[in-house]
Amino acid sequence: MCPSLTDGASASTDRSEMVGIENTNVGRPVPTNGVNGHANGHTNGANGHSSSTQRRNPYAPRASEFLNNVANFKIIESTLREGEQFANAFFDTKTKIAIAKALDAFGVEYIELTSPAASEQSRADCEAICKLGLRCKILTHIRCHMDDARIAVETGVDGVDVVIGTSSFLREFSHGKDMTYITKTAIEVINFVKSKGIEVRFSTEDSFRSDLVDLLSIYQTVDKIGVNRVGIADTVGCANPRQVYELVRTLRGVVGCDIEIHLHNDTGMAIANAYTALEAGATHIDTSVLGIGERVGITPLGGLVACLYAADPEYVKSKYNLPMLREIENLVAEAVEVNVPFMNPITGYCAFTHKAGIHAKAILNNPSTYEILKPEDFGLTRYVAIGHRLTGWNAVKSRVEQLNLTLTDEQIKDVTAKIKELADVRTQSLDDVDTILRVYHSGIQSGELAVGQKEALDRLLREHREAATRERGETEQPQVVAAAA
Ligand SMILES: [Zn+2]
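Worth saying up front: this structure is predicted, and the values here are computed from it rather than measured.

Across its full length, the chain holds 17 helices and eleven strands. Pairs at least 24 apart in sequence give 70% of the contacts found in the chain among residues at least 6 apart.

Written out as structure tokens, the structure is:
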């Protein structure tokens, strides 16, 4: 239950102003978290009362939620299909293979590839990836059309994802077909793919702006002829979690097959919508690495994993090789020439950095206080930034201990005041903080300094600075001479 220790010494090597800290919680039970990621007893009930001595989490899953698939789902990773629709994306064969292998090693259950009907290279790449012998299943995504289906089944894929637009917008302005035609073609294509002994999914496009009766009727029809999955797509990113819950739950009552959902992120809802879809009985979620795709893309793999890990860490850890996430995101970010966003769940620059003094104190006592994700489960390390004006003496104490210095709490509070004073002028790097701590410590040891002697400390720091400058001058001088010679 407790996270393994992280290496405090190595943690401080790559970010000079931060301190890697150890989990001091070994041996203590860590409270389990509810489905929404809040610690038990931490949040108030729906009615706002928190007086219950039982401290039950009102958001925890209930036994009656038999549809809930939050701990029983599969990921259909679409970086090599939806991701190809990202404005910056151009994946050559080598890059596609590298991404496919990385996703397979991470443990996604499916990889979805661009339609082989899109171009000759797309077809060749699809065949090449099918021949890699990956553990995950390979799918390709095609229009609901017999010509595309014939090409797709020849590539060696494990399944074909069929899609057609059903909203009035798409029926009027895109393919121009009515529901009778759509249904007839869907049956033909599904039966054809099934006859080849591979998986077939039928999805509508722009499902949330389609007529509900049309939707349920076609899903029911394809379910009856034995489709493996039906797919709902929020193609324009217009849905909110409540709408997603209602549509998936309604569909769950109408079909017996699996339910996949594809969610665009135009209003930032994609992760929340995916989570809600699972709660309502969806079985498969489409993702892409960093969420890349058409416009602002779809549910990001890392964000979804963070969200589902918060709900059920053990299940997610058992399915996926979580420490690979950073490598996969870096691989894709480089391929499409973007940076990993600073606020990215798990891998963002400051995802596990704690700054405020009050947070640092609690984190040192028990990381779960301010962390819903354990960095060590993702091969990462937490940091406490200490060289700033919001710092606190508990965080400074942790650094004092890492440096093997002996100071009393009173002395640590005294030196913390100095760090804050200096940080009011400019943020202090970890090197700066270490210097202050060492000078303070040696002043105390030699008797030149006592608590509250601000002038004596200023003098010692000034002398240290001057000595360091002299030393640098002496070591640099011979180099200057050598260079002149
Ligand atoms: Zn899409």
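Among the nonpolar cores identified, the biggest contains 112 residues, and I111, V160, V248, A274 and I285 are the most heavily contacted of them. Looking at this core element by element, the count peaks at eight residues for helix α10 (residues 301-311). Beyond its immediate sequence surroundings of up to four residues, V248 is in contact with I232, I259, I261, A277, A280, G281 and A282.

Between helix α6 (residues 179-195) and helix α7 (residues 212-224), whose axes approach to 10 Å, the crossing angle comes to 25°. Judged on the interaxial angle alone, α7 and α6 are roughly parallel. Note on packing geometry: the crossing formed by α6 with α7 is right-handed. Counted together, M179, I182, T183, A186, I187 and I190 of α6 and D214, I218, T221 and V222 of α7 form the full contact between these two elements. Tallied by class, residues from the contact of α6 with α7 come to seven nonpolar, two polar and one charged.

Another aspect to go through is unusual backbone geometry. Both trends apply: most residues other than glycine have a negative phi, and most peptide bonds are in trans. Within the chain, L290 stands out as a residue other than glycine whose phi angle is a positive 60°. With respect to the helices and strands, L290 occurs in the loop between β9 (284-287) and α10. For L290, a count of 26 C-beta atoms within 10 Å gives the class buried. Phi at N404 takes a positive value of approximately 60°, unusual for a residue other than glycine. With respect to the element layout, N404 can be found in the loop between α14 (393-402) and α15 (409-423). Since 7 C-beta atoms lie within 10 Å of it, N404 is described here as exposed.

Let's shift gears to helix α9 (residues 270-279). Most of α9 is tucked away: nine of the ten residues are buried. All of the buried residues in α9 are A270, I271, N273, A274, Y275, T276, A277, L278 and E279. Within two residues after α9, G281 carries a phi angle of roughly 115°, on the positive side.

The subject of this paragraph is the pairing of strand β4 (residues 137-143). Taken across its seven residues, β4 has five buried, putting it largely inside the fold. Bridging between strand β3 (residues 110-113) and β4 involves four bridges; their strand directions are parallel. Counterpart to E112 in the pairing with β4 is L139. At this point the chain moves from β3, through helix α3 (residues 120-130), to the parallel β4, and the crossover so formed is right-handed. Direction of pairing for β4 relative to strand β5 (residues 159-165): parallel, over a ladder of five bridges. Along β5, the bridge assignment pairs H141 with D161. Taken together, β4, helix α4 (residues 146-153) and β5 constitute a β-α-β crossover, and its handedness is right-handed.

Axis separation between α15 and helix α16 (residues 430-446) bottoms out at 10 Å; the angle between their running directions is 135°. Between α15 and α16, the angle is such that the two are oblique. Crossing of α15 against α16: the hand is right-handed. Along the contact surface, α15 presents Q411, V415, K418 and I419, while α16 presents V433, I436, L437, Y440 and I444. Residues of the contact of α15 with α16, tallied by class, amount to seven nonpolar, one polar and one charged.

With that settled, consider the sheet that holds strand β8 (residues 258-263). The strand order around the closed barrel built from eight strands is β2-β3-β4-β5-β6-β7-β8-β9, with neighbouring strands paired in parallel fashion. Taking the axes of each pair of neighbouring strands and ignoring which way they run, one obtains an average angle of 25° across the sheet.

Moving on, we come to the pairing of β5. Taken across its seven residues, β5 has six buried, putting it largely inside the fold. Sheet topology note: the β5/strand β6 (residues 199-205) ladder contains seven bridges and is parallel. Counted as the bridge partner of I164 is T204 from β6.

On to the environment of I436. For I436, the position within the fold is in helix α16. Discounting residues that sit within four places of it in the chain, I436 has contacts with V415, K418, I419 and L461.

Note that T185 resides in helix α6. Separated by 21 residues in sequence, T185 and I164 place their C-alpha atoms 9.8 Å apart.

Listed as buried for helix α12 (residues 325-335) are L325, I328, E329, V332 and A335. Angular distribution of buried residues about the axis of α12 spans 130°; they occupy a single face of the element. Buried positions along α12 lie against α2 (93-106) and α10. E337 sits one or two residues past α12 and shows a positive phi near 55°.

Moving on to the environment of D92. Mapped onto the elements, D92 comes out in the loop between β2 (74-77) and α2. D92 gets classed as exposed once you count the C-beta atoms within 10 Å, which come to 11. Between the C-alpha atom of D92 and that of A335, which follows or precedes it by 243 residues, the distance is 9.5 Å.

The subject of this paragraph is the confidence of the model for the chain. In the predicted model, the chain carries a mean pLDDT of 87, and the fraction of residues at 70 or more is 85%. Under a pLDDT of 50 for its full length, residues 1-18 has, in the predicted model, 47 contacts with residues more than four places off or in other chains. Ignoring residues within four places in sequence, the model shows residues 21-53, a span with pLDDT below 50, making 57 contacts including any to other chains.

Definitions and cut-offs
Residues numbered from 1 in each chain as written. Predicted model: local features only at pLDDT ≥ 70, side-chain atom pairs only at ≥ 80, totals over all residues. Helix = DSSP H or I, 4+ residues; strand = E, 2+ residues; numbered from the N terminus. Contact = placed C-beta atoms within 7 Å. Core = buried A, V, L, I, M, F, W, Y, C linked by C-beta atoms within 7 Å. Buried ≥ 20, exposed ≤ 12 C-beta atoms within 10 Å, placed from the backbone. Axes fitted to C-alpha atoms, helices over the stretch in contact; angles between N-to-C directions. Parallel < 35°, antiparallel > 145°, perpendicular 65-115°, else oblique. Left-handed = near helix turned anticlockwise from the far one by under 90°. Nonpolar A, V, L, I, M, F, W, Y, C, P; charged D, E, K, R; others polar. Pairing = 2+ DSSP bridges. Right-handed = clockwise from strand over helix to strand, strands pointing away. Arc of directions from axis to C-beta. pLDDT = per-residue confidence, 0-100.

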